[in-house]
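# Topology and contacts: notes
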Amino acid sequence: MGPVRRRALACAVALGALALTGACAHGGPVDAGPAFYRALWLPSVGPARYDPRQLPGKVVLVSFMATWCFPCLADLPTLKQLQETYGPQGFQVVAVGMDIDEGKVLGPFADHYAFPYPVLLSDERMRAGESAFGRIRALPSTVLLDKHGRAVAAWQGVEGQSDVAKAIEKLLKAD
């Protein structure tokens, strides 16, 4: 998927409810800045420590997933590899579980797999599309935030690891 399509998806997926299409039409990042970070102030499950105050200044890949979603499960090794490779350079994967069972399945799932990144429990507002990310229409859905919290890419489904890695490397080098 090319960069133009990613930017269009960033508008549709990440900001569907906010009507910021003008920013996307010009090919720039979608600047909801702190709103994306605020939307990630959610409880976490699993062994990875999570402090949302540490997200600003990092390149953040937000992956919306569910335990019952087979493509989401197929994407987990890629997310783990990306975190282990780029985490020391200022990168952070954050998985947001869209399961509606208040962590009864996601908690043990995260404990069992011991992900090296935080796994968050979505809330009703997020599942209803009432967060900065807008309505999540497909799983997995992924949003890539730059160091300033702006959405610079978004996609639905499983993306190739090399394409994602290139985008992450570019953002890590940017100021």
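Preceding this paragraph is the structure being described.
Rules used in this analysis
- Residue numbering note: each chain is counted from 1, following its sequence as written.
- For this predicted model, a pLDDT threshold of at least 70 governs which residues receive local features, and a threshold of 80 or more governs which side-chain atom pairs are given and counted, while totals over whole chains, interfaces and linings are taken from all residues.
- Heavy atoms throughout the structure, all of them, feed into the side-chain values; hydrogens and water do not.
- Paired strands are those between which DSSP finds at least two bridges.
- Put simply, DSSP H or I for four residues or longer makes a helix, DSSP E for two residues or longer makes a strand, and each gets a number counted from the N terminus.
- Here, residues are in contact when the closest pair of their heavy atoms is within 4.5 Å.
- All axes here are fitted lines through C-alpha atoms, helices being fitted over the stretch that makes contact, and every angle between N-to-C directions spans 0 to 180 degrees.
- Only protein chains enter the accessibility calculation, which uses a 1.4 Å probe. A residue is then buried if its area is under 20% of the maximum for its type, exposed if over 50%, and partly exposed in between.

### Let's talk about the sheet that holds strand β2 (residues 59-65)
An order of β1-β4-β3-β2-β5-β6 is seen for the six strands of this open sheet, with the pairing classed as mixed. The sheet is open, and its two borders are formed by β1 (44-45) and β6 (151-156), each paired with just one other strand. As judged from the three bridges shared by strand β3 (residues 91-97) and strand β4 (residues 119-121), these two strands associate in the parallel manner. Paired with Val-96 across the bridge in β4 is Leu-120. Of the strands in this sheet, β1, β2, β3 and β4 are in contact with helix α5 (residues 106-113), which crosses β4 at around 175 degrees.

### A few points about unusual backbone geometry
Cis geometry is found at the peptide bond from Leu-139 to Pro-140, where omega equals -10 degrees. In this model, Glu-102 sits at a positive phi of 55 degrees, which is unusual for a non-glycine residue. Relative to the elements of secondary structure, Glu-102 occurs in the loop between β3 and α5. Positioned with a positive phi, Ala-114 is a non-glycine residue whose angle comes to about 45 degrees. In this structure, Ala-114 sits in the loop between α5 and β4. For Ala-114, a relative accessible area of 44% translates into the label partly exposed.

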